[in-house]
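# Structural description and commentary
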There are 2 protein chains.
Amino acid sequence: MALEHALLVALSEKPGSGLELTRRFERSFGYFWHATHQQIYRVLGRLVDAGELDVEVVAQTGRPDKKVYRVNEAGQRALADWLATSTPLEPLRSEVAVKMRGASFGDRAAVLAGLREHLDDHRVRLEHYQRLAAAYGLDPGSDLPGAARHLEGATLDQYLVLRGGIRLEEFWIGWITDYLDAHSTNPEPDPGSTR
Amino acid sequence: MALEHALLVALSEKPGSGLELTRRFERSFGYFWHATHQQIYRVLGRLVDAGELDVEVVAQTGRPDKKVYRVNEAGQRALADWLATSTPLEPLRSEVAVKMRGASFGDRAAVLAGLREHLDDHRVRLEHYQRLAAAYGLDPGSDLPGAARHLEGATLDQYLVLRGGIRLEEFWIGWITDYLDAHSTNPEPDPGSTR
DNA sequence: TCACGCATGTAACAGGTTACATGATTGT
DNA sequence: ACAATCATGTAACCTGTTACATGCGTGA
């Protein structure tokens, strides 16, 4: 439903090959839209069939040829149309939440241990994003508006989405910390036989 | 991959029929795991085949019969096993983020209007969750720990997950507000022909 | 009689995941 | 010779979504 559009946005920012796009989806794009290379190749093919992308085969020295994809006018129109449609509230699906809610029907200590790992992962990600944000040349701690006055257009949007990624990590850290705190100040007897 | 487990948790809390579960997934469960009735019926059937649920047909007066599902011992074991496995970082997929990032390749004003609607929806949800949280009998503004001392076990978990739902709505509201602010204090000339 | 709510499903499809496959070049 | 990286894909499968289908009972 929407990898199509994510690819159109990515290729509008800068044309590229399948593998280059895969790399981008592992980095900057990846923190708000995940996709594997298999999926990307498949959808690129579909978009070419639909006439929304042009392909150019580029020969390289010392490497296999690559196909560089570029959004054409039909693609620009399709993207603009989609951008103007309304987005339904995204239904949530969090495995972590299911585990939190179900913890008393299993070994709570194991669930808590898993959450602590998760917490570390999110802290690592947060730091990574904060480094990325710092590269935009403004104080990462400062709040908008004001701080981002010197950015504009697509660059400003990239920065604002990255801020969203940072906020999201902060959300996870806050939530998990809350949960862990509540269960360490409130330890239950007999973990594991609570059912 | 995990509706199975969400159903096992829901049925561990309280046995119920397909339609009752559907209602629960529209309410309390729905804010962290979404599922439609078609999916629920299909998976319930699968869980019965796998021997993890028992079914009891209950006759009702003035209504069609219903099938009440209950987690049996095999189901309890399956759930406990799953709870002890580690959860991979959930890959993110946000259509809204794609639109934010792609706004300069279409009609930015339309994207901003869509975001304002979204913002309202999230505010409504937040209020709804806050009302739910208030029903747990403690000050919704107060922070853990301490406030939730009087809750325990499955009820405490339910409350903590609900707090996560509240935090998540606050995240959305913060992010979208950020984006809107940045683009209203920083309006661009020629919205629509920016490409 | 008609609409609505309860209650349970089937079927077709779209999208995403996992595993496998191929071939070239560069470096050890 | 072997592993690693670049580069592009296919196939099978699982999950989730959308549309459709059925039958009973209640109240207007």
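As the structure is a computational prediction, the values presented were derived from the model and not from experiment. (Residues numbered from 1 in each chain as written. Chains lettered and ligands numbered in written order. Predicted model: local features only at pLDDT ≥ 70, side-chain atom pairs only at ≥ 80, totals over all residues. Heavy atoms only, no water.)

## A short note on the UniProt feature "domain: Transcription regulator PadR N-terminal" (unreviewed entry) in chain A
Mapped onto the present numbering, the UniProt feature "domain: Transcription regulator PadR N-terminal" (unreviewed entry) falls at residues 7-80 of chain A. Within residues 7-80 of chain A, the helical portion is 50% and the strand portion 23%, while the C-alpha atoms at the span's ends are 13 Å from each other. (UniProt positions renumbered as here; feature names shortened; annotations may be inferred. Helix = DSSP H or I, 4+ residues; strand = E, 2+ residues; numbered from the N terminus.)

## Quick notes on the interface of chain B and chain A
At the interface, 77 residues of chain B touch 77 residues of chain A. With both sides pooled, the region where chain B packs onto chain A buries about 7500 Å², and carbon together with sulfur makes up 62% of that total. If you sort the residues of chain B by the area they bury against chain A, Leu89, Arg101 and Phe105 of chain B come out on top, with a joint share of 12%. Linking chain B to chain A there are eight salt bridges. (Contact = heavy atoms within 4.5 Å. Buried area = accessible area lost by both parts, 1.4 Å probe. Salt bridge = Lys/Arg side-chain N within 4 Å of Asp/Glu carboxyl O.)

## Looking at the environment of valine 55 of chain A
All names here are of chain A. Relative to the assigned elements, valine 55 resides in strand β1 (residues 53-60). Residue valine 55 is classed as partly exposed on the basis of its relative accessible area, which comes to 40%. For the pair valine 55 and proline 88, spaced 33 residues apart in sequence, the C-alpha to C-alpha distance is 33 Å. (Buried < 20%, exposed > 50% of the residue type's maximum accessible area, 1.4 Å probe, protein only.)

## Digging into the side chain of histidine 5 of chain B
Residue position: histidine 5 of chain B is located in helix α1 (residues 3-13). Residue class for histidine 5 of chain B comes out buried when judged on its relative accessible area of 15%.

## Observations concerning the pairing of strand β2 (residues 63-71) of chain B
Across seven bridges, the pairing between strand β1 (residues 53-60) of chain B and β2 of chain B is antiparallel. Bridged to valine 57 of chain B within β2 of chain B is lysine 67 of chain B. (Pairing = 2+ DSSP bridges.)

## Overview of the relation of the copies chain B and chain A
Between the two copies, chain B and chain A, the superposition gives an RMSD of 0.0 Å; the rotation angle is 180 degrees and the shift along the axis is 0.0 Å. The transformation just described matches what one would write down for a two-fold rotation axis. Closest approach to the rotation axis among the C-alpha atoms of chain B is made by phenylalanine 171 of chain B, whose C-alpha sits 3.3 Å away. Take the interface residues of chain B: 100% of them recur as interface residues in chain A, which is what a same-surface contact looks like. (Least-squares fit on C-alpha atoms with pLDDT ≥ 70 in both.)

## Notes on the side chain of arginine 101 of chain A
Structurally, arginine 101 of chain A can be placed in helix α5 (residues 95-102). Excluding residues that lie within four positions of it along the chain, arginine 101 of chain A makes contacts with Val9, Glu13, Ser28, Phe29, Tyr31, Phe32, Asp157, Gln158 and Val161 of chain B.

## A few points about the nonpolar core
If you look at the biggest cluster of nonpolar residues, it comprises 108 residues, and the most contacted ones within it are Leu7, Phe25 and Leu115 of chain A together with Leu7, Phe25 and Leu115 of chain B. Apart from the residues lying within four places of it in its own chain, the contact partners of leucine 115 of chain A are Val96, Met100, Ile176, Tyr179 and Leu180 of chain A. (Core = buried A, V, L, I, M, F, W, Y, C linked by side-chain atoms within 4.5 Å.)

## A word on the protein's contact with DNA strand D
Surrounding DNA strand D, one finds 23 residues, the nearest of these being Tyr41, Gln60 and Lys67 of chain A together with Gln39 and Arg42 of chain B. One nitrogen or oxygen atom from the main chain of leucine 19 of chain A is found 3.1 Å from a phosphate oxygen belonging to DNA strand D. At 3.3 Å from a phosphate oxygen of DNA strand D is found a side-chain nitrogen or oxygen belonging to arginine 93 of chain A. If you list the elements that add at least two residues to the surface near DNA strand D, you get α2 (18-26), α3 (37-49) and β2 (63-71) of chain A together with α3 (37-49) of chain B. (Near = heavy atom within 4 Å. Polar contact = N/O pair within 3.5 Å; in protein donor to acceptor, adjacent residues only side chain to side chain.)

## Quick notes on the layout of surface pockets
Its volume calculated, the largest pocket comes out at about 900 Å³. The wall of the largest pocket is formed by 32 residues, among which Leu92 and Arg93 of chain A together with Pro91, Leu92 and Arg93 of chain B lie closest to the centre. Where the lining of the largest pocket is concerned, the elements lending two or more residues are α6 (108-134) and α7 (153-184) of chain A together with α6 (108-134) and α7 (153-184) of chain B. Split into classes, the residues belonging to the lining of the largest pocket amount to 17 nonpolar, five polar and ten charged. (1 Å grid on protein atoms, 1.4 Å probe; cavity = no way out; pocket = protein on both sides within 12 Å on 5 of 7 lines; lining within 4 Å. Points joined across faces, edges and corners; volume = space filled by probe spheres on them. Nonpolar A, V, L, I, M, F, W, Y, C, P; charged D, E, K, R; others polar.)

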